[in-house]
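Architecture and fold: a report
Each chain, letter by letter, is given below.
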Amino acid sequence: MPVEDTGSRAARQPDLQQSLSGCSEEERIEGLALAHIISCRIQAFSSFLADQGLGNRNSSGNRPGNGNGTGYTGHGPSALIDANRLAASGYCRNQLLFRAGLKTCFCDSPHDWERFDHLFDLFWFSNISEGSDVDDNANDPNDSNLLQPNLGNDNLVGFAGTSSQEFEAALAGAGDFKALSLADFRFVFNPLQMLIIERMVDDLARRSRQSFLRRRVRAHNGTQINMRRTLSRTIPYNGHALELHYLKKQRKLPKFVLLLDVSQSMEVYAKLFLRFARKLIQVFQQSEVFAFNTQLIALGSGHSVLSEKDFEDRLNAESRQWLGGTKISASLQRFNDEYAPHVVNHRTTVVVFSDGCDTAEPEELAEQTRIIQQKAKTLLWVNPLLGRFKAGEKDPYMDPVVPYIDKYRSAHNIHTLEQLKRDLLS
Amino acid sequence: MNVNHTERMQHLDTAMQATGYIADTGLLASLDLMSVLDKPLLLEGEAGVGKTGIAQSIAEANKTELIRLQCYEGLDAQHAIYDWDYQRQLLAIQIQQGHPDADANLKRTIYSEEFLLMRPLLRAIRTPQTSVLLIDEIDRADEEFEALLLEILAEKQITVPELGTFEAISNPLVILTSNGVRELSDALRRRCLYHYIDYPDREKELAIVHARIPGLEHSLAKQAVSFVQNIRQERLRKVPGVAETLDWVAALAALNVYDLKDSIDSVQSSLPALLKTRIDTEIFGHTDELQRILEGRKPEDENAG
């Protein structure tokens with residue numbers, strides 16, 4: 001492919017009418033009809049991909065609503081136009097190239113890239129109807145299990161068993177984002193809804209950095225003079241320094257240490273918290289993540305960002321030795337002894353995601369919590385079960401611990417997770 | 001209909017192979033679509049899988065200039081688009097001092113193209129022949145720079161307040177790379193074609209080794225690639241990319257290794273070319289571990305499980 005100049009590249013932009021100009025009338029009509037059919041199929045494919053949660057997001061990080069309550073509109077118009085243009089340029093005559101071309105147009109993340117081939121095969125080579133929920137890991141499109149709810153990686157320690165619980169999930173408006181954002185994570189069974197929630201969690205973590213940066217922008221001017229810029233600004237004034245330029249303040253991103261409880265009692269929430277934690281350390285690179293059940297394990301820091309699968313694999317691998325009985329205070333003690341001196345300082349916000357259900361005495365947990373609170377800037381405790389206690393009702397596990405916590409929050413749905421984000425950045 | 005794309009891709013494939021880059025059909029299609037749809041291509045993948053190499057290879061294959069913009073935190077318009085050569089401007093002012101028409105001409109003279117330093121983005125659109133513009137590691141730049149880049153990619157023109165607007169006189173092939181250090185904005189992703197580069201499979205990696213290191217013994221290349229493929233399945237701190245494979249194979253060849261199993265000592269001593277963290281080297285540098293990986297066996301605890 002020799003590089004062409006702008007003119008010849010523009011001239012090669014696919015134009016169906018132009019391409020058919022040399023054909024007979026019959027061939028022309030046949031060509032236009034075929035192009036129309038292909039265009040409709042591509043549009044349907046785009047909708048199918050969107051139904052499966054694959055595709056672009058709008059600038060606010062959410063998928064745009066289409067007004068009919070299902071939440072998805074499919075890909076942006078530009079992806080659809082690109083797909084039609086590549087089909088018109090002759091790509092649709094070769095299955096391999098057509099697949100590769102559509103993949104390039106419709107994917108925008110490694111996750112999408114991994115799923116695309118399976119979805120392409122399902123749409124173009126089987127009779128899956130639009131709007132069906134499909135499982136990535138299934139190979140047989142005719143398998144009826146494809147359409148059954150699936151809560152994901154059952155092998156992950158602490159996440160199995162949820163599907164057997166019979167909750168009467170009352171989600172008003174299944175595709176409604178507002179309803180979904182208020183739904184407790186434990187009531188979400190539909191894989192598509194879970195996918196939407198996972199995307200929301202990702203966006204939430206990602207936007208937290210944007211919120212932080214916006215605040216920095218408001219006060220970016222420093223007090224030190226930037227000599228180089230100031231000198232360059234003397235040029236219009238014949239060498240007189242009439243305009244001063246100041247050095248920008250050095251940006252210091254907040255540092256988080258996240259301690260995640262992945263015990264059986266937290267299984268419904270732990271996967272989403274892990275996802276949130278992974279995204280958070282991606283955007284705040286100095287942060288660290290630890291998980292605990294009967295022992296404490298370090299899952300990594302922002303400088304060694306792992307893929308989601310690696311993140312879960314590491315947790316699975318490290319947790320093989322775990323036995324029953326959650327040991328929160330012992331885990332926090334190990335954290336205080338081994339890790340806290342290196343990772344916690346007066347700039348660090350420590351976040352503990354746990355319900356506090358410990359096999360040891362609550363006073364021991366309170367003591368370890370007190371030590372963390374003394375070292376850290378803020379200690380934030382997230383208890384997803386918090387909302388279940390009535391006013392005045394006692395929590396035997398957490399009541400002794402609460403005095404040593406700076407902020408005690410629940411994060412059992414997207415709405416409360418959003419509030420948690422604000423607390424983290426405050 | 002225009003079906004020249006197959007020929008174009010074959011041509012591109014041959015040209016890239018001549019530069020030592022082995023591309024699969026998917027990548028060739030993405031590169032071809034860059035021209036067909038006139039859009040930038042965003043390449044994402046782990047470090048060392050050959051993202052930057054693609055841009056270099058295309059530029060070399062097309063015998064055109066590669067203009068590279070290495071991104072980093074704090075990258076701004078002065079380093080990416082244009083800047084004024086203010087030292088020379090000061091000199092020009094001093095030279096003209098005392099000249100009767102100095103004041104009238106000064107501003108016009110010092111704010112001319114003569115004193116304009118074209119940075120990669122401006123240079124790419126002002127180069128007469130279509131160039132390849134590589135915006136490397138865009139994820140390391142700030143969000144503010146991303147927004148600036150979006151504007152330039154969309155408008156294909158750059159405005160310098162003192163001089164006016166520079167229209168593009170050529171349409172560069174724009175390739176952006178990202179290691180996933182930071183999430184890129186959706187606006188940027190939406191404006192780009194996307195291609196994810198994964199670690200190559202055994203056959204492709206073998207072809208890459210032969211293409212990049214001509215004259216290498218086939219049996220050694222095969223053993224080395226097999227070893228690398230096996231070690232990528234292990235739990236490593238830093239998974240070796242293609243670049244590390246090439247370095248390691250070159251090191252093995254330099255150490256006159258012909259068979260890995262017969263030269264465990266040499267393999268051990270050359271391992272730093274492949275594994276880039278102390279912990280990985282310590283764990284997998286043991287003779288037993290090397291032997292196990294060479295034979296493609298799983299760790300004993302996994303076998304037991």
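Residues numbered from 1 in each chain as written. Chains lettered and ligands numbered in written order. Predicted model: local features only at pLDDT ≥ 70, side-chain atom pairs only at ≥ 80, totals over all residues. Heavy atoms only, no water.

**Some thoughts on the overall build of chain B**
Definition in use: Secondary structure elements follow DSSP: runs of H or I of four or more residues count as helices, runs of E of two or more count as strands, with numbering from the N terminus. Type-normalised accessible area, obtained with a 1.4 Å probe on protein chains alone, sets the label of each residue: buried when under 20%, exposed when over 50%, and partly exposed for intermediate values. The contact criterion used is simple: two residues touch if any of their non-hydrogen atoms lie within 4.5 Å. Surface accessibility in these figures is a Shrake-Rupley result with a 1.4 Å probe; residues are shielded only by whichever protein chains are displayed.
Looking only at helices and strands, chain B features 16 helices and nine strands. Out of the 305 residues belonging to chain B, those deemed buried represent 51%. A separation threshold of at least 6 residues defines the contact pool for chain B, and within that pool the share at least 24 residues apart is 74%. For chain B, the exposed area adds up to about 13800 Å²; of that, 48% sits on carbon and sulfur atoms.

**A closer look at the overall build of chain A**
Looking only at helices and strands, chain A features 14 helices and eight strands. Counting all 426 residues of chain A, 49% fall into the buried class. Considering only intrachain contacts with a sequence separation of at least 6, the fraction spanning at least 24 residues in chain A is 69%. Split by element, the accessible area of chain A, about 20300 Å² in all, is 50% carbon and sulfur.

**A few points about the sheet that holds strand β2 (residues 66–70) of chain B**
Residues and elements named next belong to chain B. Note the threshold: When DSSP finds two or more bridges between a pair of strands, those strands are recorded as paired. Throughout, an axis means a line fitted to C-alpha atoms (over the contacting stretch in the case of helices), and angles, computed between N-to-C directions, take values from 0 to 180 degrees.
Strand order in the open sheet formed by five strands is β2-β5-β8-β1-β9, with parallel pairing between adjacent strands. Each edge of the open sheet carries a strand with a single partner, namely β2 and β9 (193–197). Recorded for the sheet is a direction-independent mean angle of 20 degrees between the axes of neighbouring strands. Here β2 runs beside strand β5 (residues 132–136); their pairing, made up of five bridges, is parallel. Across the sheet, Leu66 pairs through a bridge with Val132, a residue of β5.

**Thoughts on the nonpolar core**
Heads up, the rule is: Residues belong to a common nonpolar core when they are buried Ala, Val, Leu, Ile, Met, Phe, Trp, Tyr or Cys residues joined through side-chain atoms within 4.5 Å.
In this structure, A:Phe106, B:Met16, B:Ile54, B:Leu121, B:Ile135, B:Ile138 and B:Phe145 are the most contacted members of the largest nonpolar core, which totals 96 residues. For this core, the element with the most residues is helix α2 (residues 25–37) of chain B, which contributes eight residues. Apart from residues lying up to four places away in sequence, B:Met16 is in contact with B:Tyr21, B:Ala23, B:Leu28, B:Leu31, B:Ile54, B:Ser57, B:Ile58 and B:Ala61.

**Focus: α2(B)**
Residues and elements named next belong to chain B. Cut-off, in case you're wondering: In this scheme, a helix's expected span is set at 1.5 Å multiplied by one less than its residue total.
For α2, with 13 residues, the first-to-last C-alpha span of 18 Å sits near the 18 Å given by 1.5 Å per residue. With eleven of its 13 residues buried, α2 lies for the most part within the structure. Residues Leu27, Leu28, Ala29, Ser30, Leu31, Asp32, Leu33, Met34, Ser35, Val36 and Leu37 constitute the buried set of α2. Immediately downstream of α2, the backbone of Asp38 shows phi near 55 degrees, a positive value.

**Focus on the pattern of salt bridges**
When their charged atoms lie close together, side chains carrying opposite charge are able to pair. All names here are of chain B. Rules: We count a salt bridge whenever a side-chain nitrogen from Lys or Arg sits within 4 Å of a carboxyl oxygen from Asp or Glu.
Scanning the model with the defined rule gives 20 salt bridges over all chains in all. Between Glu65 and Arg123 there is a salt bridge, with its nearest N and O atoms 2.7 Å apart. Separated by 58 residues along the polypeptide, Glu65 in the loop between α3 (51–61) and β2 and Arg123 in helix α7 (residues 120–126) bring together distant segments of the chain. Two residues, Arg232 and Glu205, come together in a salt bridge whose shortest N-O distance is 2.8 Å. With Arg232 in the loop between α11 (218–231) and α12 (242–254) and Glu205 in helix α10 (residues 202–212), the pair connects residues that are 27 residues apart, well separated along the chain.

**A few points about the side chain of B:Asp136**
Residues and elements named next belong to chain B. Threshold: Any pair of nitrogen or oxygen atoms within 3.5 Å is treated as a polar contact; in protein, a donor-acceptor pairing is required on top of that, and neighbouring residues in sequence qualify only through side-chain atoms on both sides.
With respect to the element layout, Asp136 can be found in strand β5. Polar side-chain contacts of Asp136 include one of 2.6 Å to the side chain of Arg68. Once residues lying within four places of it in the same chain are set aside, the contact partners of Asp136 are Thr52, Arg68, Leu69, Gln70, Cys71 and Thr177.

**Brief notes about the packing of helix α1 (residues 5–18) of chain B against α2(B)**
Residue and element names in this part refer to chain B. Counted only if it meets this: Each helix crossing is assigned a hand: it is left-handed if the near helix lies turned anticlockwise from the far helix by less than a right angle, otherwise right-handed if that turn is clockwise. Classification used: nonpolar for Ala, Val, Leu, Ile, Met, Phe, Trp, Tyr, Cys and Pro, charged for Asp, Glu, Lys and Arg, polar for all others including Gly.
At a minimum axis separation of 10 Å, α1 and α2 run at an interaxial angle of 120 degrees. Crossing of α1 over α2 shows right-handed handedness. Residues His5, Arg8, Met9, Leu12, Asp13 and Met16 of α1 lie in contact with α2, whose contacting residues are Leu28, Ala29, Leu31, Asp32 and Val36. In terms of residue class, the contact of α1 with α2 is made up of seven nonpolar, one polar and three charged.

**What about the packing of aromatic side chains?**
Rules: Pairing of aromatic rings covers Phe, Tyr and the six-membered ring of Trp, with a centre-to-centre limit of 6.5 Å; geometry is then stacked below 30 degrees between planes, edge-to-face above 60, and tilted otherwise. The rule for a charge over a ring is simple: NZ of Lys or CZ of Arg within 6 Å of the ring centre, and within 35 degrees of the ring normal.
If you walk through the whole model with that rule in mind, you get 13 aromatic pairs over all chains. Taking the centre distance of 5.8 Å and the plane angle of 70 degrees together, the rings of A:Trp113 and B:Tyr194 count as edge-to-face. Pair noted here: A:Trp113 is in helix α6 (residues 110–125) and B:Tyr194 is in strand β9, and the two residues belong to different chains. Using a relative accessible area of 1% as the deciding quantity, one classes B:Tyr194 as buried. Among the aromatic residues, those joined into a cluster by ring pairs are A:Phe45, A:Phe48, A:Phe98, A:Phe106, A:Phe116, A:Phe120 and A:Phe123. Above the face of the A:Trp113 ring, A:Lys103 is positioned so that its terminal group lies 4.4 Å from the ring centre.

**Side note on the environment of B:Val181**
Residues and elements named next belong to chain B. Looking at the secondary structure, you find Val181 in the loop between β8 (173–178) and α9 (186–191). Taking the relative accessible area as the measure of exposure, Val181 reaches 24% and is therefore partly exposed. Along the sequence, Val181 and Asp139 sit 42 residues apart, while their C-alpha atoms lie 5.9 Å from each other.

**So, the sheet that holds strand β8 (residues 407–409) of chain A**
All names here are of chain A. The six strands are arranged β5-β4-β3-β6-β7-β8 in an open sheet whose pairing can be described as mixed. Either end of the sheet is taken by a strand with one partner, and the two such strands are β5 (296–301) and β8. Here the average twist between neighbouring strands, direction ignored, is 15 degrees. Both strand β3 (residues 255–261) and strand β4 (residues 288–292) contribute to a ladder of five bridges, which runs parallel. Looking across to β4, one finds that Val257 is bridged to Glu288. Most of the contacts of helix α10 (residues 267–283) go to β3, to which it runs at about 160 degrees, and overall it touches β3, β4, β5, β6 (348–353) and β7 (378–382). Contacts between helix α12 (residues 328–343) and the sheet are confined to β3, β4, β5 and β6, with β3 contributing the most and set at about 160 degrees to the helix.

**Topic: α10(A)**
Between its first and last C-alpha, α10(A) extends 25 Å over 17 residues, near the 24 Å set by a 1.5 Å rise per residue. Of all 17 residues that make up α10(A), 16 are buried, and the element is covered over most of its length.

**Section: a nonpolar patch on the surface**
Residue and element names in this part refer to chain A. Just so we agree on the cut-off: Surface patches are defined over residues having more than 30% relative accessible area and no salt bridge, joining like charges when they lie within 9 Å and nonpolar side chains (Val, Leu, Ile, Met, Phe, Trp, Tyr) when within 5 Å.
Judged by side-chain polarity, Ile225, Met227, Leu231, Leu244 and Tyr246 come together as a nonpolar surface patch covering roughly 440 Å² of accessible area. Inspection of the secondary structure assignment puts Tyr246 in strand β2 (residues 246–248). A relative accessible area of 32% places Tyr246 in the partly exposed class.

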